[in-house]
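Coordinate inspection notes
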Amino acid sequence: LNRQRYLKIFGGLLFAGIAAAQITAAISSANLYPLNPYRMFSTPWHNGAKMLELQISTASGKHLNVSEVLDIPFFQNHRILYNGFVAKHPIELESKLCQLLVARIGENLNVVAEGVRYERDHSGAMDRIIERQEIRGHCTKTSLPLESSL
Amino acid sequence: VKSRFANLINSFLFELRPARFFGVFPWLLYPIALFEMWRYDFRIYESIAPWLWQPSGFFRLILPHFPTISSVLAVRVVGSLAVLVAISGKWSRSAAAVAFVALLLLDYWHNMFGFIDARIHLVWMIGLMTLVKAPSPQQTAEADLLASLAFRCMELIVVLVYAQSAYAKISNAGLTWAGEGSTLQIAWLRQGLPLGHWLASSVLVAKIFSWLALGLEASFFTYYLVPRKMRGALLLTAFLFHTGTFLTMNISFAHLWVFNLAAAFYLISQSPGTKA
C-alpha cells in the first residue's frame, strides 16, 4: 500500500509537471526544447507576407525545384524554412546551398533569389507576386568543399 | 473539502482502467515511432550541420555537437530493436524506456536545424509507455494505477497541443487571425497541393476554415469541463481537422490523430457509470 501511495504522489507530480512545463513553454518566447509548444501557422499575415525564395536552374536553362535535388524535408519545405534562416545569413546560406546542389547533381547551376510577396488580388484570391529578382551567383563544381561529404 | 478534492484528483488520475485503450494503442503508436526513427537521411544532414545546426535549450549543455553518422545509426538500431521488443509485449516497459531515449536523441539532433514539427509529443508518448504493462489476465492494482496515469498524461499532452495552438494564434493576432483568414490562405498556396491551391482562391473559404480551426483549438480549453462523450467528440473533430490539413497542406501528425481516434472511441464507449 505504501508503494501505491508513493506511486500516486509521483503520478500527481508528473501530471502537474507536464502541465506546468508546457504552459511555461507556451507563454515564454525562449526556446525551451524539449518543451516545445505548438505554434505552427500562428503568425498573423493579414498585411500579406514577404519572403525570399530561391529559384535554381541548370546551365542548360532547366529549372529545378530544390526538393527534386535533395530529398530531405529541410529543402522540400525550403520556402517556409528559408524565411527563417535567410534572415540570419542570406548570402552565406545561398552560397552554401548552391555548393551543396552542384555537388549533388554534378553540373553548374544558376541561383536566382526572388523577393516574393503573398497578397490578395482584387477578387480576394491569394497571389504570389515577384517583387525583385537577382542572380546571386554562379557556383561551379570546382569550389565545392562539401562534395566529399556527400 | 480537502479530502473531497484529494478524492477527485485520485479518481481522475488513477481509477480509469484503460486496459481496452492500451490493448490497441501501442499497436498504432509503435509503428509510427519506428517510421520516425528512420525517416530522415542524416548523412545529408551531416553535410549541412556545420552551418545550419544550432543547438539550443537544455540539451545544448550536455550534447552540444552534431553526432557522427555511426552514432546516429547506433541510436537508430538500438531504438528500433527496443520498439520491436516493446511491441512483442515482453519487457515492454524497459524497452519503451530505451526507445524513448533513442527517439528523444534523434528528435533533438533533427530539431536543432530549426524544423517546425510537433514530433516531440510522440517522444513523450513513448516515454509514458514506460508506465504501461502489457495487458494480462492478472492485471495488478499497481498496473491499473499506472496505466490510468499514462492515459491521463497522454491526454493532457494532446489537449495542450490544441490549447497552445489557439493561445499562440490569439496572443499573436487576436481574433483577427480567423476573421482575416490570410494566414491559412497563404499556407494553402505555399504548401503547393492542388486542393490547397484551389482553396486559396477564395477569401470566404479561408475565413470559414480559419474560424473552424481556431474554434476547434480553443474549445480544448474546456476539455476537462465537459462530459466524457463530449471529450470524445472533440477528439474525433480534431481527427477530422488533421485529415483536412493532410489533404490541403500535406501536414500529418500521425501520433496525434492516432491518439485522438483511439481515445475518442475509448471515451465514447465507456459505460455511463465509469469515471473516464
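**Some thoughts on the overall build of chain A**
- Of the regular secondary structure elements, chain A holds five helices and four strands.
- Looking at chain A as a whole, 41% of its 150 residues are labelled buried.
- For chain A, contacts bridging at least 24 residues in sequence account for 59% of all contacts bridging at least 6.
- Here chain A displays about 7900 Å² of accessible surface, and carbon together with sulfur accounts for 53% of that area.

**Notes on the pattern of salt bridges**
Residue and element names in this part refer to chain B.
- Applying the stated criterion to the full structure yields eight salt bridges over all chains.
- With a shortest N-O distance of 2.9 Å, E36 and R39 are connected by a salt bridge.
- A relative accessible area of 41% places R39 in the partly exposed class.
- Salt-bridge contacts for R119 lead to D107; the nearest nitrogen and oxygen are separated by 3.0 Å. Within this pair, whereas R119 is found in the loop between α6 (92-111) and α7 (120-128), its partner D107 is found in helix α6, the two being separated by 12 residues in sequence.
- Since its relative accessible area comes to 1%, D107 is described here as buried.
- Among the charged side chains, a network of salt bridges with common partners joins E36, R39, D107 and R119.

**Remarks on α6 of chain B**
- The terminal C-alpha atoms of α6 of chain B lie 27 Å apart, and with 20 residues this matches the ideal 28 Å at 1.5 Å per residue to within 8%.
- Most of α6 of chain B sits inside the fold, with 15 of its 20 residues counted as buried.

**Describing the environment of S252 of chain B**
Residue and element names in this part refer to chain B.
- In this structure, S252 sits in the loop between α13 (228-249) and α14 (254-269).
- In the structure, S252 is positioned 73 residues away from G179 in sequence and 25 Å away in space, judged by C-alpha atoms.
- Residues within four places of S252 in sequence aside, it is in contact with F246 and W257.

**Observations concerning the confidence of the model for chain A**
All names here are of chain A.
- On average, residues of chain A carry a pLDDT of 70, and 55% of them reach 70 or more.
- When pLDDT is averaged over each helix and strand of chain A, the minimum, 46, is found for helix α4 (residues 78-86) and the maximum, 91, for helix α1 (residues 2-27).
- Within the model, pLDDT remains below 50 along residues 80-89, and this stretch shows 28 contacts once partners closer than five positions in the same chain are excluded.
- Ignoring residues within four places in sequence, the model shows residues 141-150, a span with pLDDT below 50, making 19 contacts including any to other chains.

**So, unusual backbone geometry**
Residue and element names in this part refer to chain B.
- Despite not being glycine, R17 shows a phi value in the positive range, around 55 degrees.
- Relative to the elements of secondary structure, R17 occurs in the loop between α1 (2-14) and α2 (19-37).
- The phi dihedral of N250 falls on the positive side, at around 60 degrees, and the residue is not glycine.
- Mapped onto the fold, N250 is located in the loop between α13 and α14.

**Some details on the packing of aromatic side chains**
All names here are of chain B.
- With the rule as written, the count across this model stands at 18 aromatic pairs over all chains.
- Each ring, one from F151 and one from Y266, has its centre 5.3 Å from the other, and the planes form 65 degrees; the classification is edge-to-face. Highlighted residues: F151 in helix α8 (residues 141-173) and Y266 in helix α14, separated in sequence by 115 residues.
- Judged by relative accessible area, F151 falls into the buried class, the value being 0%.

**A few points about the side chain of K169 of chain B**
- Following the sequence through the fold, K169 of chain B ends up in helix α8.
- The exposure class of K169 of chain B is buried, given its relative accessible area of 4%.
- Within the local environment of K169 of chain B, its side chain forms a polar contact with the side chain of S165 of chain B, the two groups lying 2.9 Å apart.
- The residues touching K169 of chain B, leaving out its near neighbours within four places in the chain, are M40, F41 and S42 of chain A together with G174, W177, L214 and E217 of chain B.

**Quick notes on the nonpolar core**
Residues and elements named next belong to chain B.
- With 97 residues, the main nonpolar core has F22, F25 and W109 as its most contacted residues.
- Per-element accounting of this core gives the leading share, 15 residues, to α8.
- Those residues within four positions of F22 in sequence are excluded, and the remaining contacts are M129, V132, P135, A147, A150, F151 and M154.
- The next biggest cluster of nonpolar side chains, apart from the first, holds five residues, and it includes A173, W177, A178 and L214.

**Regarding a nonpolar patch on the surface**
- A cluster of nonpolar side chains, contributed by W38, L73, V77, L81 and L84 of chain B, occupies part of the molecular surface with about 470 Å² of accessible area.
- Mapped onto the elements, L84 of chain B comes out in helix α5 (residues 69-88).

**Description of α7 of chain B**
- Most of α7 of chain B sits out of view: eight of its nine residues are buried.
- Among all positions of α7 of chain B, only I120, H121, L122, V123, M125, I126, G127 and L128 of chain B are buried.
- The inward-facing, buried residues of α7 of chain B abut α1 of chain A together with α2, α6, α8 and α14 of chain B.

What counts as what
- What you see as residue numbers is a count from 1 along each chain, following the sequence as written.
- All chains are assigned letters beginning with A, and all ligands numbers beginning with 1, in the order in which they are written.
- Side-chain atom pairs in this predicted model are given and counted only at pLDDT of 80 or more, local residue features only at pLDDT of at least 70, and totals for whole chains, interfaces and linings cover all residues.
- To get the side-chain values, all heavy atoms of the structure are used, and hydrogens and water are removed first.
- In DSSP terms, a helix is any run of H or I states spanning at least four residues, a strand is any run of E spanning at least two, and both are numbered starting from the N terminus.
- Remark: exposure states derive from per-residue accessible area (1.4 Å probe, protein chains only) relative to the maximum for the residue type, with buried under 20%, exposed over 50%, and partly exposed in between.
- Residue contacts are defined here by distance: any two heavy atoms, one from each residue, within 4.5 Å place the two residues in contact.
- Here, Shrake-Rupley sampling with a 1.4 Å probe gives the accessible areas, and only protein chains in the shown set may cover a residue.
- For this document, the term salt bridge refers to a Lys or Arg side-chain nitrogen within 4 Å of an Asp or Glu carboxyl oxygen.
- Expected helix span is computed as 1.5 Å times (number of residues minus one).
- pLDDT is a residue-level measure of predictor confidence that goes from 0 to 100.
- Ring geometry is summarised as follows: Phe, Tyr and Trp rings, the Trp one being its six-membered ring, pair when their centres sit within 6.5 Å, and such pairs are stacked at plane angles under 30 degrees, edge-to-face over 60 and tilted between the two.
- Any pair of N or O atoms that falls within 3.5 Å is considered a polar contact. Within protein, one atom must be able to donate a hydrogen and the other to accept it, and sequence-neighbouring residues count only if both atoms are side-chain atoms.
- Grouping buried Ala, Val, Leu, Ile, Met, Phe, Trp, Tyr and Cys residues that are joined through side-chain atoms within 4.5 Å yields what is termed a nonpolar core.
- Two distance rules govern patches: like charges are joined within 9 Å, and nonpolar side chains (Val, Leu, Ile, Met, Phe, Trp, Tyr) within 5 Å, applied only to residues with over 30% relative accessible area and no salt bridge.

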